[in-house]
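# Reading the structure
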Amino acid sequence: MPASAALSPTIRIAPETPGDAVAVEALVLDAFGPGRFAKTAERLRERATKIAGFSAWLDGQLVGSVRLWAVTVGGVEAVFLGPIAVARDIRGGGIGADLVAACIDEARRLNVGGVLLVGDAPYFARFGFEAAPDAVLPGPADPRRVLWLRVGEAMASGPVRPA
Ligand SMILES: CC(C)(COP(=O)(O)OP(=O)(O)OC[C@H]1O[C@@H](n2cnc3c(N)ncnc32)[C@H](O)[C@@H]1OP(=O)(O)O)[C@@H](O)C(=O)NCCC(=O)NCCS
């Protein structure tokens, strides 16, 4: 079995288009439930500009999604990653990794300081994300789950604001 879904000819990662929105919402709702809307990350996304999104497709079905939002962290331009979700019946095949890789490529292309997210360190550490306890989100967040991937030279320190 291939280590990455990118090696499979049937999985396609593509920039999100406006026509994907309904399927993305359904996928994210299934992955996180309605409780997601209570989260600090969602408060930030409500006020930030969506700067990019990527969709994973299998046989014409949307099976994965991730979005990037424009933020500043301590005044440094950055992107905020999330939500990321993969359809339940196809998890573990590398689609999540491919979506994160697309985000990291995009962050490099945008030449921002780094990628910030609120998520599970055991999953995101494999991509190089590290705890960023000095990044101050606009609401409660477990500091162990606030993670940063350095793209430029900047550290993640200071208030996180929508941009
Ligand atoms: C997290 C998610 C996007 C990963 O997608 P995926 O396509 O299954 O990811 P990959 O195939 O690249 O990676 C699978 C590996 O990550 C591990 N993994 C998945 N979610 C994890 C988590 N929350 N914490 C730690 N490890 C996790 C799997 O056990 C698997 O491990 P293995 O490689 O040792 O077998 C997917 O599981 C999902 O949609 N989860 C529900 C939504 C969610 O929780 N998103 C945010 C996570 S903070």
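Everything below is about the structure shown above.
### Remarks on the overall build of the chain
- Secondary structure summary: the chain contains 4 helices and 9 strands in total.
- Helices (α) and strands (β) of the chain occur, in sequence order from the N terminus, as β-α-α-β-β-β-α-β-α-β-β-β-β.
- Relative to its length of 163 residues, the chain is compact, with a C-alpha radius of gyration of 15 Å against a globular reference of 15 Å.
- A buried classification covers 49% of the 163 residues belonging to the chain.
- In the chain, the share of contacts with a sequence separation of at least 24, taken over all contacts with a separation of at least 6, comes to 65%.
- With the model as given, the accessible surface of the chain reaches about 8300 Å², and the carbon-plus-sulfur share is 56%.
- In the chain, 17 positive and 17 negative side-chain charges are present, and the distance between their average locations comes to 4 Å.

### Comments concerning the environment of valine 160
- Relative to the elements of secondary structure, valine 160 occurs in strand β9 (residues 158-162).
- For the pair valine 160 and valine 71, spaced 89 residues apart in the sequence, the C-alpha separation amounts to 6.6 Å.
- Ignoring any residue separated from it by four or fewer positions in sequence, one finds valine 160 in contact with Leu44, Val71, Thr72, Val73, Leu116, Ala135, Val136, Leu137 and Pro138.

### Some thoughts on the nonpolar core
- Counting residues in each nonpolar core, the largest one holds 36 residues, and the members touching the most others are Val63, Leu81, Ile90, Ile95, Leu99, Phe124 and Phe129.
- No other element matches helix α3 (residues 95-110), which puts 7 residues into this core.
- Contact partners of leucine 99, with chain neighbours within four places excluded, come to Ile13, Phe54, Ser55, Ala56, Gly64, Ser65, Val66, Ile84, Ala85 and Val86.

### Some thoughts on the side chain of arginine 45
- On the secondary structure map, arginine 45 appears in helix α2 (residues 40-47).
- When near neighbours in sequence (up to four residues on either side) are disregarded, arginine 45 contacts Trp69, Phe80, Leu81, Gly82 and Pro83.

### Comments concerning the side chain of arginine 67
- Structurally, the position occupied by arginine 67 is in strand β3 (residues 61-73).
- A relative accessible area of 9% means that arginine 67 is categorised as buried.
- Here the side chain of arginine 67 touches glutamate 25 through a polar contact of 3.2 Å, side chain to side chain.
- In this structure, arginine 67 is in contact with Glu16, Ala21, Val24, Glu25, Lys50, Ala52, Gly53, Phe80, Leu81, Gly82 and Pro83, ignoring residues within four places of it in sequence.

### A short note on the packing of aromatic side chains
- Enumeration over the complete set of coordinates arrives at 4 aromatic pairs.
- Pairing tyrosine 123 with phenylalanine 124 gives two aromatic rings, centres 5.0 Å apart and planes at 85°, and the pair type is edge-to-face.
- The class of tyrosine 123 is partly exposed, set by a relative accessible area of 27%.
- Between phenylalanine 124 and phenylalanine 129, the aromatic rings sit 5.7 Å apart at their centres with planes inclined by 75°, giving edge-to-face as the arrangement.

### Notes on the pattern of salt bridges
- For the coordinates displayed, the defined rule picks out 11 salt bridges.
- When the shortest N-O distance is used, the salt bridge between arginine 36 and glutamate 42 registers 3.1 Å. As far as the burial class goes, arginine 36 and glutamate 42 line up, both buried.
- Several salt bridges converge on common partners, so that one network encompasses Glu16, Glu25, Arg36, Glu42, Arg45, Lys50 and Arg67.

### Overview of the site of the ligand
- Around the ligand sit 18 residues in total, of which Val86, Gly92, Gly94, Gly96 and Asp120 are the nearest.
- In the environment of the ligand, an oxygen atom lies 3.1 Å from a nitrogen or oxygen atom belonging to the side chain of tyrosine 123.
- A total of 860 Å² of accessible area belongs to the ligand in isolation, and the protein chains cover 65% of it.
- Contributions of two or more residues to the shell around the ligand are made by α1 (21-32), β4 (76-86), α3 and α4 (121-124).
- Among the residues forming the shell around the ligand, the class breakdown is 10 nonpolar, 5 polar and 3 charged.

Criteria and cut-off values
- Sequence order as written defines the numbering, with residues in each chain counted from 1.
- Totals for whole chains, interfaces and linings use all residues, but because this is a predicted model, local features are given only for residues with pLDDT of at least 70 and pairs of side-chain atoms are given and counted only at 80 or more.
- Side-chain metrics in this entry use all non-hydrogen atoms of the structure; hydrogen atoms and water are not considered.
- Going along the chain from the N terminus, every DSSP run of H or I of four or more residues is numbered as a helix, and every run of E of two or more is numbered as a strand.
- For this measure, only C-alpha atoms enter the radius of gyration; the expected value for a globule follows 2.2 Å times N^0.38, where N is the number of residues.
- Exposure classes here rest on a 1.4 Å probe applied to the protein chains alone. A residue is buried below 20% of its type maximum, exposed above 50%, and partly exposed in between.
- Contacts are residue-level and defined by heavy atoms, with any inter-residue pair within 4.5 Å sufficient.
- Under the convention used here, a 1.4 Å probe and the Shrake-Rupley method define accessible areas, while residue burial counts only the protein chains that appear.
- When charges are tallied, Lys and Arg are placed among the positive residues and Asp and Glu among the negative ones, while His and the ends of the chain are skipped.
- In plain terms, the charge of a residue is placed at NZ if it is Lys, CZ if Arg, CG if Asp and CD if Glu.
- Only buried residues count toward a nonpolar core, which is a set of Ala, Val, Leu, Ile, Met, Phe, Trp, Tyr and Cys residues joined through side-chain atoms within 4.5 Å.
- For this analysis, a polar contact is any N or O atom pair within 3.5 Å, provided that within protein one partner can donate a hydrogen and the other can accept it, and provided that sequence-adjacent residues contribute only side-chain to side-chain pairs.
- Ring geometry is summarised as follows: Phe, Tyr and Trp rings, the Trp one being its six-membered ring, pair when their centres sit within 6.5 Å, and such pairs are stacked at plane angles under 30 degrees, edge-to-face over 60 and tilted between the two.
- Take a side-chain nitrogen of Lys or Arg and a carboxyl oxygen of Asp or Glu: if they are within 4 Å of each other, that pair is a salt bridge.
- We define proximity as follows: a residue is near a molecule or strand when any one of its heavy atoms falls within 4 Å of that partner.
- Polar here means any residue other than Ala, Val, Leu, Ile, Met, Phe, Trp, Tyr, Cys and Pro, which are nonpolar, and Asp, Glu, Lys and Arg, which are charged; Gly is therefore polar.

So, to be careful, I would describe these as geometric facts and stop short of saying anything about function.
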